[in-house]
Each structure stands twice: as structure tokens, then as C-alpha cells.
Amino acid sequence: MHFQPLFSDSLSSDFPLILAGPCSAESREQLLATARLLAENGIRLFRAGVWKPRTHPNDFEGVGSIGLTWLQEVKQETGMLTATEIATAEHVEKALHAGIDVLWIGARTTTSPFSVQQIADALKGTDAAVLVKNPVISDVDLWIGAIERLYRAGIKRLGAVHRGFDGSVRYRNAPLWHIPLQLRQRLPSLPLFGDPSHIAGRRSLVAAIAQQAMDLHFNGLMIECHINPQEALSDAEQQITPQELSVLLAELTVRKTGCITDGLAALRQQIDDCDSVLLATLVKRLRIAQAIGNYKQVNNLSVLQPERFEEMLKSRLLEADALGLREHFIQTIFETIHEESVRTQLQ
Ligand code: PEP
Ligand code: MN
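Summary of the structure given here. Along each chain, residue indices are assigned from 1 in the same order as the chain's sequence is written. Following the order in which they are written, the chains are lettered starting with A and the ligands numbered starting with 1. Reporting of local features is limited, given that this is a predicted model, to residues whose pLDDT is at least 70; pairs of side-chain atoms are given and counted only at 80 or more, and all residues count toward the totals for whole chains, interfaces and linings. With hydrogens and water excluded, all non-hydrogen atoms of the structure serve as input to the side-chain values.

For the rest of this paragraph, the subject is the environment of glutamine 297. Locating glutamine 297 in the fold gives a position in helix α11 (residues 263–298). On a C-alpha basis, the gap between glutamine 297 and glutamine 345 in space is 9.1 Å, while along the polypeptide they are 48 residues apart. Strands are runs of DSSP state E lasting at least 2 residues, helices are runs of H or I lasting at least 4, and numbering of each runs from the N terminus.

Structure, rendered in C-alpha cells:
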């Protein structure tokens, strides 16, 4: 695939490219106030969701099409290019009609090939710039497949956004950095943005994750900014103020040379990611052990139940053997894990 530059003007050479703005457009005032401060601080790409994919139907699902007119005002007044999330053919049509400059496909949508195909069909014949967020599950092919669907529909101004994956204990979404690195190895000319806001889930972690993305030589960052983050109607914990964004960007170390795409770095990153998953699994397991401990206490059962441990060990060794893992290795690990479980239950 041969991609075209996302932007035709000098923006394309901005490094890193910064796309900032609130998770959601909430009101005209909130949007314009946030945009003005960002523009004053040199930001040239403005994001705001008007249709929000939410877990529960009672959550704030966005202001809808009216938000597009506020984005038009933002562009008129500040000159910033605008971006919004689209998830259906109707969204595509409305956003393009309103002159929105960049469309992005959200993580939940990228997970569904049917939805992505409908979006690709709706985009056919246009010259839209589209960013594709990674799917919520850690499948690089699903991510690339979505990009291919758009490319085949004639969309050449494309980019990818890494917003993390399901299954993190430490963060809202697990970074699993080896996945965007694999994406870049396979599609080297595709601009890659980091979305530290959705990985972090918490303001205090956004800067560190943005730095990690820079260390891996991502091309840009999408960062959620709100004039009054505490009052935000969606993703309140992870948004930062425009002033905080300026501090973050000033403190960011941007490495212009030395792209980490060589094989060893990518393999090391995979090891780091595997270890993060191992640690997260251990935390989950110990939490369950604690819940079992509480249950035993309430029901007056003894903490140590040797026959249960024997049974468990036997089944783990069988499973491990089928996977080609050495018995001694697995036995040592499970004895140590069990010891820690018993210790937490005794506390
Ligand atoms: C967003 O950018 O506000 C959003 C909904 O992101 P994601 O699709 O990554 O969850
Ligand atoms: Mn958000």
C-alpha cells in the first residue's frame, strides 16, 4: 500500500503532529473555549467526538450533528483543522458534508469488519483523511484489515492511532507496544499516532505514555484536552487542560533520528509486553485468591486445603506438558504462586 500525506500543507512536516481536543463536544461554549486556548498554544489539529460509543445506553452519547456546526465555527475562528469520530455511513456523510477535515474510526468500530466495510463504501470517491484506531483486541491483522478496506475503497490519506488494548490492570488499556511496532514494520509509510489519553485512563499517566510513544518514534499524538476536565461528560479522569498540554509538550523529548524498527528492539518490546501481561495476570490471580480467603473466613473454612492444591498442580502440569513446557519449571512457578496466595489469605 502506498499512502499519501495526510495533509497537503506544512502540517505534514510537523513532528510530532499533535491532534488535541475534548473527548466529546458538550456545548458550543466548551468547544470554542477549549479550541481557543489550544490554538493560542500552537495546536493546529482539533478533535472532538460528537457521536460517542458508550458502554451503557444511559451514558452521554454525544450531542450529535449540532456538534459539527460548532466544529465548523472552531475552524472558522481558529484556522485549526477539525477531526471527529465516525462509526456509520450516515456519520461519514454528515461529517464530510460539514467539511470536517479528518475522520477517525474508533476502537470498537475497527473491531467489526462489517462496520468498517460500510464506512469504506460510504467513503468511496472522496478524498477524505481517515485515522484508524487499533481494535480493542490485540490483533494486528484486524487493524491492518481495516486499513486495507479503506485503501481498496480509494482512501489513500490514512493514518493509524494506537490507543491500547483490553486487559490491562495498570492502565485503562494495555499499551502492548509490540503491536504498533508490528504495524509499522508492515506498513512503514503509514503515519502512526499515539493516544496516551485512552491508554492511561488517568491524567497523571498521560505524559509518561506520550514520551514512550515518542521514544518509539511515533509520528504524532492524539491527546484529550478539556477546558474543565473534572466536569467532562465523558472520560473525565483522563483529560488534561490546554495549559497542561503545553507543559507536557514542552517537556517531551522528541528524538528526530534513530527509528526503533530494528529486529532486536521489536523483539525486546515483545518480551516487555509479555512480562506486563504476566504481571497483570498475577495481580488478577492474587485478587481472586483474596476473595477466596474472605469467603473461607466467612464460612469458617481452613485457608490451606492441600487436596485442592494437589489437584490444581496436577492439572497445570498436564496442561503445561501439552504445551511443551518442562515439568520442573512449571512446578516451581506454581508452588511459588500458591505460597503467595496462601500468604495473602492469612493476612
Ligand atoms: C475517543 O477518542 O474519544 C474514543 C472513543 O476513543 P476509542 O475509540 O479509542 O475508545
Ligand atoms: Mn475519549
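Here the focus is the side chain of threonine 34. Residue placement: threonine 34 occurs in helix α1 (residues 28–40). In this scheme, a residue with accessible area under 20% of its type's maximum is buried, one over 50% is exposed, and one in between is partly exposed, where area comes from a 1.4 Å probe on protein chains only. Residue threonine 34 is classed as buried on the basis of its relative accessible area, which comes to 0%. Two residues form a contact once any of their heavy atoms are found within 4.5 Å. In this structure threonine 34 touches Pro22, Phe46, Cys225, His226, Ile227 and Pro242, once residues within four positions along its chain are discounted.

Each neighbour pair has its own omega, and for phenylalanine 15 with proline 16 the value is -10°, a cis peptide bond. Along the polypeptide, proline 16 turns up in the segment before β1 (17–21). Phi at leucine 176 is positive, roughly 40°, even though this residue is not glycine. Among the secondary structure elements, leucine 176 is positioned in the loop between β6 (157–162) and α7 (178–186). Judged by its relative accessible area of 12%, leucine 176 falls in the buried class. Residues other than glycine seldom take positive phi values, yet asparagine 300 does so here, at roughly 60°. Position of asparagine 300 relative to the elements: it lies in the loop between α11 and α12 (306–322).

Moving on, we get to the coordination of the manganese ion (ligand 2). With distances of 2.1 to 2.4 Å, the protein atoms coordinating the manganese ion (ligand 2) are Cys23 (SG), His198 (NE2), Glu224 (OE) and Asp235 (OD). Note on donors: an N, O or S atom is included if it sits within 2.8 Å of the metal, or within 3.2 Å for Na, K and Ca, and water is never included, so sites can look incomplete. Site description for the manganese ion (ligand 2): donor spacing in sequence, C-x174-H-x25-E-x10-D. Residue glutamate 224 is found in strand β8 (residues 220–224), and its partner aspartate 235 is found in the loop between β8 and α10 (242–251); the two are separated by 11 residues along the sequence. Look at glutamate 224 and you get buried, because its relative accessible area is 0%.

At a closest axis distance of 10 Å, the pairing of helix α6 (residues 140–152) and α7 adopts a crossing angle of 45°. Judged on the interaxial angle alone, α7 and α6 are oblique. Crossing of α6 over α7 shows right-handed handedness. When α6 is examined against α7, the residues Val140, Asp141, Trp143, Ile144 and Ile147 are found in contact with a partner set consisting of Ile179, Pro180, Gln182, Leu183 and Arg186. To obtain each axis, a line is fitted to C-alpha atoms, and for helices this fit is confined to the stretch in contact; angles are then taken between N-to-C directions over 0 to 180 degrees. Convention used here: angles under 35 degrees read as roughly parallel, angles over 145 as roughly antiparallel, angles from 65 to 115 as roughly perpendicular, and any remaining angle as oblique. Here a crossing is called left-handed whenever its near helix is offset anticlockwise from the far helix by less than a right angle, and right-handed whenever the offset is clockwise.

Let us now look at a nonpolar patch on the surface. Patches draw on residues past 30% relative accessible area with no salt bridge. Two like charges within 9 Å are joined, as are two nonpolar side chains (Val, Leu, Ile, Met, Phe, Trp, Tyr) within 5 Å. In short, Shrake-Rupley with a 1.4 Å probe defines the accessible areas, and a residue's cover is counted only from the protein chains shown. Within this document, salt bridges are pairs made up of a side-chain nitrogen of Lys or Arg and a carboxyl oxygen of Asp or Glu, the two lying within 4 Å of each other. Together, Leu323, Leu325, Phe329 and Ile333 make up a nonpolar patch on the protein surface, roughly 360 Å² of accessible area in all. By the element assignment, leucine 325 lies in the loop between α12 and α13 (327–346).

Within a sheet, neighbouring strands are paired by backbone hydrogen bonds and run either parallel or antiparallel to one another. The pairing criterion for strands is at least two bridges between them, as found by DSSP. One closed barrel accounts for eight strands, arranged β1-β2-β3-β4-β5-β6-β7-β8; its pairing is parallel. Averaged over all adjacent pairs, the angle separating strand axes in this sheet is 25°, with direction ignored. Sheet analysis places strand β3 (residues 81–85) next to strand β4 (residues 102–105), joined by three bridges and oriented parallel. Along β4, the bridge assignment pairs threonine 84 with leucine 103. Most of the contacts of helix α2 (residues 66–78) go to β3, to which it runs at about 160°, and overall it touches β2 (45–47) and β3.

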